[in-house]
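Close look at the chain arrangement
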Amino acid sequence: MTKMSFENHIMKQFDEELEEIRTRLMEMGGKVEQQLHNAIKAVSEADSQLAEEVITQEQIVDNMEVDIDEACILIIARRQPAASDLRLVMMVTKAVNDLERIGDEAKKIANHAILLSEDINLSKGYPEIRHIGTSVIKMLANALDAFARFDADAAIRTIEEDKQIDLDYKTALREVVTYMMEDPRSISRAINILWVVRSLERIGDHAKNLCEQIVFVVKGKDIRHQ
Amino acid sequence: MNKVDQSTHKSKENTSEQKLNSSPKQSLDLDKNHVTVGKPFSDDSKMTMRNVDVFYADKQAIYDVNLDIAKNEVIAMIGPSGCGKSTFLRTLNRMNDTVDGCRVSGTIAMDGENLYAPKLDVVELRARVGMVFQKPNPFPKSIYENVAYGAKIHGLADSRVDLDEIVENSLRKASLWEEVKERLHQPGTGLSGGQQQRLCIARAIAVSPEVILMDEPCSALDPIATAKIEELIEELSQNFTIAIVTHSMQQAARVSHRTAYFHLGKLIEVNPTEQVFTLPEHQLTEAYITGRFG
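Residues numbered from 1 in each chain as written. Chains lettered and ligands numbered in written order. Predicted model: local features only at pLDDT ≥ 70, side-chain atom pairs only at ≥ 80, totals over all residues.

The next point concerns the overall build of chain A. When helices and strands are counted, chain A shows 6 helices and 0 strands. In chain A, the succession of α and β elements from N to C terminus is α-α-α-α-α-α. Whereas a compact globule of 226 residues would reach a radius of gyration of roughly 17 Å, chain A reaches 19 Å, a difference of no more than 12%. The C-alpha extent of chain A, read off along each of the three principal axes, is 70 × 35 × 20 Å. In chain A, which comprises 226 residues, the share counted as buried stands at 46%. A fraction of 79% describes how many contacts in chain A between residues 6 or more apart in sequence connect residues 24 or more apart. (Helix = DSSP H or I, 4+ residues; strand = E, 2+ residues; numbered from the N terminus. Rg over C-alpha atoms; globule rule 2.2 N^0.38 Å. Buried ≥ 20, exposed ≤ 12 C-beta atoms within 10 Å, placed from the backbone. Contact = placed C-beta atoms within 7 Å.)

Listed below in structure tokens is the structure:
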């Protein structure tokens, strides 16, 4: 198959149901992307109000996960999907899980944003957070884009981006440890920064999972743990 | 299934590596010289079909089918109505001989023996390759006689005791014994549809076949009776080779080891069942099993 298509079933309703879970996954992806963006912004601009917003909106993402999962279960029960349809449904049930976890991490970042904003001593702009944050936002956008187009090659390229994020994470860790050694008074702040970069690194892993699932849908090949 | 040969003879081998880098590009239009994709061959074959064509008068129903059926495997034939799957199944015990104007060419062999050899005893062949049909068709005789009949005419029992044993064993293997042991001498036609079908299976088993052909054996049965037959197919595959034609893709997915997809008289794809229903190699197979035409 050169192009993925989830249309042209004899049962038109089935086309609609598959399109529906696909669209809702994209919506959830968009929401999570926005949460991540706001969480990083809340940290770097010490905007505790924005952070609060991220925290309250996490519930919306959770609800989306439950709804989409339920729709997938219904499709399995009603339609007994096979081949590419089955792979899509299985992928969506896994992808909503990863997206929900990204939402969780964004919430954790927002919590640390609040703690960091209470620290009046500093607003150094957190270059390491901004650097990794930009890469992670881009990676997540690329993953969702690859899903929208069922582009396995783009997904494989996006998986590669996670390696750089892991490297940047290690570099950031070293930098933060250096701050702590230089000035023990900065330890509590440094720990908050550390948790934020840790969350960003985890989001990179979830985006990577998404990409692996896209490859599974398109090629039918499980490339996890390779 | 390690029974199935990985041979590339006439099949388009697709290694997983290749598959990852290049997606299959067959179109929905069949080319004239279509070659079956997947793994149609086995190095432990019970039945071997090569270049099989079947004609009904001038009309060709089967085009150049090449396939091995492995020992003790359950192979399912699926495809849209009129695709030739039943015709093909019937060539395996020469049931098509009874159809006027039907002509079969190519080679069909069981354990290396040509089934279309002029001197071959067709009656004996049909004992070795038993058949179960869509509608249960017990003889208008007692349950006992239904099962004993074949064994008697094939001279498989020397005494009444032998015959009793064959009847009991066959009914047990068909998972029917417990339900009918008290009423063996009542008419077979008095049983429920599902029981009648199991009686037909017992009748086929009674003559110790090597291969059992099933032509939509559950399409006239309710889901519970269907489940019992499917359970039985799994058990029977310990001792017999089974080829089943089914309209239910879920049934093919549940009971078979390999699945063969027919389309307009051509054998499009043969692959391990788990692959056919998750990652079919040919786009036509994909379109059929996902309910895009049929």
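Our next topic: the overall build of chain B. When its secondary structure is counted, chain B shows 11 helices and 11 strands. Within chain B, the fraction of its 294 residues that count as buried is 47%.

Residues and elements named next belong to chain A. By size, the foremost hydrophobic cluster in this structure holds 144 residues, and its most contacted members are Ala 39, Val 43, Val 92, Ala 110, Ala 143 and Ile 214. In terms of residue count, the dominant contributor to this core is helix 3 (residues 83-117) (16 residues). Discounting residues that sit within four places of it in the chain, Ala 110 has contacts with Ala 39, Ala 42, Ala 51, Val 54 and Ile 55. (Core = buried A, V, L, I, M, F, W, Y, C linked by C-beta atoms within 7 Å.)

Chain-level statistics for chain A give a pLDDT mean of 93 and a share of 96% at 70 or above. Here helix 5 (residues 152-182) of chain A stands out as the element of chain A with the lowest mean pLDDT, 94, in contrast to helix 2 (residues 48-79) of chain A, whose mean of 97 is the highest. (pLDDT = per-residue confidence, 0-100.)

With that settled, consider the environment of Gln238(B). All names here are of chain B. With respect to the helices and strands, Gln 238 occurs in the loop between helix 8 (223-236) and strand 9 (241-245). In this structure Gln 238 comes out as exposed when scored by C-beta crowding, with 8 C-beta atoms within 10 Å. Residues Gln 238 and Asp 215, 23 residues apart in the sequence, show an inter-C-alpha distance of 20 Å.

A word on the environment of Glu230(B). Tracing the chain through its elements places Glu230(B) in helix 8. With residues up to four places along the chain from it excluded, the contact list for Glu230(B) reads Gln251(B), Arg254(B) and Val255(B).

A few words on the packing of helix 1 (residues 12-44) of chain A against helix 3 of chain A. Residues and elements named next belong to chain A. In the contact formed by helix 1 and helix 3, the axes pass within 9 Å of each other and the chain directions differ by 15°. Taken as axis vectors, helix 1 and helix 3 run roughly parallel relative to one another. By crossing handedness, the relation of helix 1 to helix 3 is classed as left-handed. Class assignment for the residues of the contact of helix 1 with helix 3 results in 21 nonpolar, 4 polar and 1 charged. (Axes fitted to C-alpha atoms, helices over the stretch in contact; angles between N-to-C directions. Parallel < 35°, antiparallel > 145°, perpendicular 65-115°, else oblique. Left-handed = near helix turned anticlockwise from the far one by under 90°. Nonpolar A, V, L, I, M, F, W, Y, C, P; charged D, E, K, R; others polar.)

As a further point, take unusual backbone geometry. Residue and element names in this part refer to chain A. The residue Asn 8 is not glycine, and still its phi comes out positive at about 65°. Its location among the elements puts Asn 8 in the segment before helix 1. Using a count of 13 C-beta atoms within 10 Å as the deciding quantity, one classes Asn 8 as partly exposed.

Here we take up helix 1 of chain A. Taking 1.5 Å of rise per residue, 33 residues should cover 48 Å, and helix 1 of chain A covers 48 Å from first to last C-alpha, within 8% of that figure. Once helix 1 of chain A finishes, Ala46(A) follows within two positions and takes phi at roughly 50°, a positive value. (Expected span 1.5 Å × (residues − 1).)

Residues and elements named next belong to chain B. Counted at 1.5 Å a residue, the expected span for helix 7 (residues 193-205) with its 13 residues is 18 Å, and the 18 Å between its end C-alpha atoms agrees. Among the 13 residues in helix 7, 12 count as buried, and that is most of the element. Looking only at helix 7, the buried set comprises Gly 194, Gln 195, Gln 196, Gln 197, Arg 198, Leu 199, Cys 200, Ile 201, Ala 202, Arg 203, Ala 204 and Ile 205. If you follow the buried residues of helix 7, they end up packed against strand 7 (129-132), helix 4 (143-153), helix 5 (160-173), helix 6 (177-180), strand 8 (211-215) and helix 8.

Another aspect to go through is the pairing of strand 3 (residues 59-70) of chain B. All names here are of chain B. As judged from the 8 bridges shared by strand 2 (residues 45-56) and strand 3, these two strands associate in the antiparallel manner. Note that in strand 3 the partner of Tyr 56 across the bridge is Lys 59. Count of turn residues in the strand 2/strand 3 antiparallel hairpin: 2 residues, of which Ala 57 carries a positive phi of about 55°. (Pairing = 2+ DSSP bridges.)

Residues and elements named next belong to chain B. A two-sided burial pattern is seen for strand 7, the buried positions comprising Val 129 and Met 131 on one face and Gly 130 and Val 132 on the other. Two elements, strand 7 and strand 8, share 4 bridges in a ladder whose sense is parallel. Paired with Gly 130 across the bridge in strand 8 is Ile 212.

Residue and element names in this part refer to chain B. Structurally, the position occupied by Arg 254 is in helix 9 (residues 249-255). For Arg 254, a count of 18 C-beta atoms within 10 Å corresponds to the partly exposed category. Considering only alpha carbons, one finds Arg 254 and Ile 229, 25 residues apart in sequence, at a separation of 12 Å.

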